[in-house]
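Next come the chains, spelled out residue by residue.
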Amino acid sequence: MTATLEPLLSGVTSVSVGTPLDVFAEADAEPQRGRQLRLIKSAAPSFRDAFTATGTPDLVATYDLVSLPYPTKFGLFRAALSPAPYLTITNRMIVVQWHDDPTSKRAKTLVFEPTDHELGANTPYFARLAARMPSAFRPMMVTVHGSVLDHLNDAGIKPEDVDYVVFDHLHTQDVRRVLGTVAPQADISPNEPIAPWFPNAQMIVQRTELEAMADLHPLQRPWYQPETYADLRPESLLPIDGDIQLGPGVAIVATPGHTIGNQSLVLNTSSGIWASSENVIATECLTPELSRIPGLAKWANTWGQEVVINANTIEATAQQFNSCVKEKLIVDRSSKDARFLQFFPSSELTQSKLVPGASPTFTHGGIDHRAR
């Protein structure tokens, strides 16, 4: 175990949050991936029925943070025929609000993917990529759309009113400024601990994600910054095990594979059920037979594979495939184009003139839901 993470993990207490969901429990516990896939397909309709009955949140809104290059061979696995080595993805933040009690004046606020892209750039893989990129090309490849705090300010949400922070997984994430630290940080705050962006928020994270980061496998190391977690405030971490219902129409569902502790935000809105994670980078990757990206439809047809995973890590490829099918089966069809699903990638494939042969067939761009 990484020595610097031992004190943090030992200081994290188990605090219950939400209501455990067990619809996928048998499937999640099944180690044989073929049988697991069948169990997921069998359980998905029951999950949809039960989740729809919980109602809807008050608000779902999305905000663009940054567009950046990402290897085509990762984002579109082995399927794409694009000659471009990199495609463009856009990281987005989702804000969700709901009332646990209809009589309560105060809404709960969850912020999904509030990525600190400035510190995220220090992730070993992206740091090496930036070092190889000529400085003249960076403005053409990276576009910053806005910051987490500026977006929330524009939305009229005070940082102290954020209750929960959630990431689908902790690749690239340095959350020291998001959650705050108990000690000075030599690189960004050498004289005093970092004050948190969200002083009253807890980060909901799968326990397996924290445990994996504490003892990284070589295949995982390029994508994490475990040393940045050593001095986090222990009370700011809220580890969970599996699926939970947080509020009406708001759930966290374990979708392991992309990382061991991957999880998806699942939302019931006025247009139906949505899911968001980075298991795939475009909704058409869940219906590749409809994709106009050269190679995807042929790949799916040739190999009988109903999804095209985002494969920058290969910790558990078959399990990630199954998790993508889980997401595919629990969401609804898009109200904009019913051929495509309401899966919203936390990092969505974005059209770019610099990337021939990898333009998305369809993009959601955002989710906009307000309770009537």
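Computed from a predicted structure; not experimentally measured. Numbers given for residues are sequential positions, taken from 1 along each chain in its written order. Local features in a predicted model are, by the rule used here, given only for residues with pLDDT of at least 70; side-chain atom pairs are given and counted only at 80 or more, and totals for whole chains, interfaces and linings are based on all residues. Note: side-chain values were computed over all heavy atoms of the structure, leaving out hydrogens and water.

Caption draft 1: Geometry of helix H6 (residues 124-132). A 1.4 Å probe rolled over the protein chains alone gives each residue an accessible area, and that area as a share of the maximum for its type sets the label: buried under 20%, exposed over 50%, partly exposed in between. Under the scheme used here, helices are H or I runs from DSSP no shorter than 4 residues and strands are E runs no shorter than 2 residues, and both carry numbers assigned from the N terminus. Along H6, the residues that are buried comprise Tyr-125, Phe-126 and Leu-129. The arc that holds every buried residue of H6, seen down its axis, measures 90°, which confines them to one face. Among the exposed residues of H6, those oriented more than 90 degrees off its buried face are Arg-128 and Ala-131. Only heavy atoms enter the contact rule, under which two residues are in contact if any of them lie within 4.5 Å. Packed against the buried residues of H6 are strand S2 (59-71), helix H4 (72-75) and strand S3 (86-98). What the arc measures is the spread of directions leading from the helix axis to the C-beta atoms.

Caption draft 2: Representation of the packing of helix H3 (residues 33-52) against helix H12 (residues 317-330). Axis separation between H3 and H12 bottoms out at 9 Å; the angle between their running directions is 20°. Judged by the inter-axis angle, H3 sits roughly parallel to H12. Taken as a pair, H3 and H12 cross one another with a handedness that is right-handed. Contact with H3, carried on its side by Arg-33, Gln-36, Leu-37, Ile-40, Lys-41, Ala-44, Phe-47 and Arg-48, involves Ala-318, Gln-319, Phe-321, Asn-322, Val-325, Lys-326, Leu-329 and Ile-330 of H12 and no other residues of that element. In this classification, the charged set is Asp, Glu, Lys and Arg, the nonpolar set is Ala, Val, Leu, Ile, Met, Phe, Trp, Tyr, Cys and Pro, and all remaining amino acids, among them Gly, are polar. Looking at side-chain class alone, the contact of H3 with H12 contains nine nonpolar, three polar and four charged residues. Interaxial angles span 0 to 180 degrees and are taken between N-to-C directions of axes, which are lines fitted to C-alpha atoms, for helices over the stretch in contact. Every angle not falling under 35 degrees, over 145, or within 65 to 115 is termed oblique; those three ranges are roughly parallel, roughly antiparallel and roughly perpendicular. The hand of a helix crossing depends on one turn: near helix anticlockwise from the far one by less than a right angle means left-handed, and clockwise means right-handed.

Caption draft 3: A look at the pattern of salt bridges. Between Lys or Arg on one side and Asp or Glu on the other, a salt bridge is scored when a side-chain nitrogen of the former is within 4 Å of a carboxyl oxygen of the latter. Enumeration over the complete set of coordinates arrives at 18 salt bridges. Taking the shortest distance from any N to any O, the salt bridge between Lys-326 and Asp-28 comes out at 2.9 Å. Of this pair, Lys-326 sits in helix H12 while Asp-28 is found in helix H2 (residues 25-29), placing the two residues 298 residues apart along the sequence. For Lys-326, a relative accessible area of 2% translates into the label buried. Overall, the relative accessible area of 33% leaves Asp-28 in the partly exposed class.

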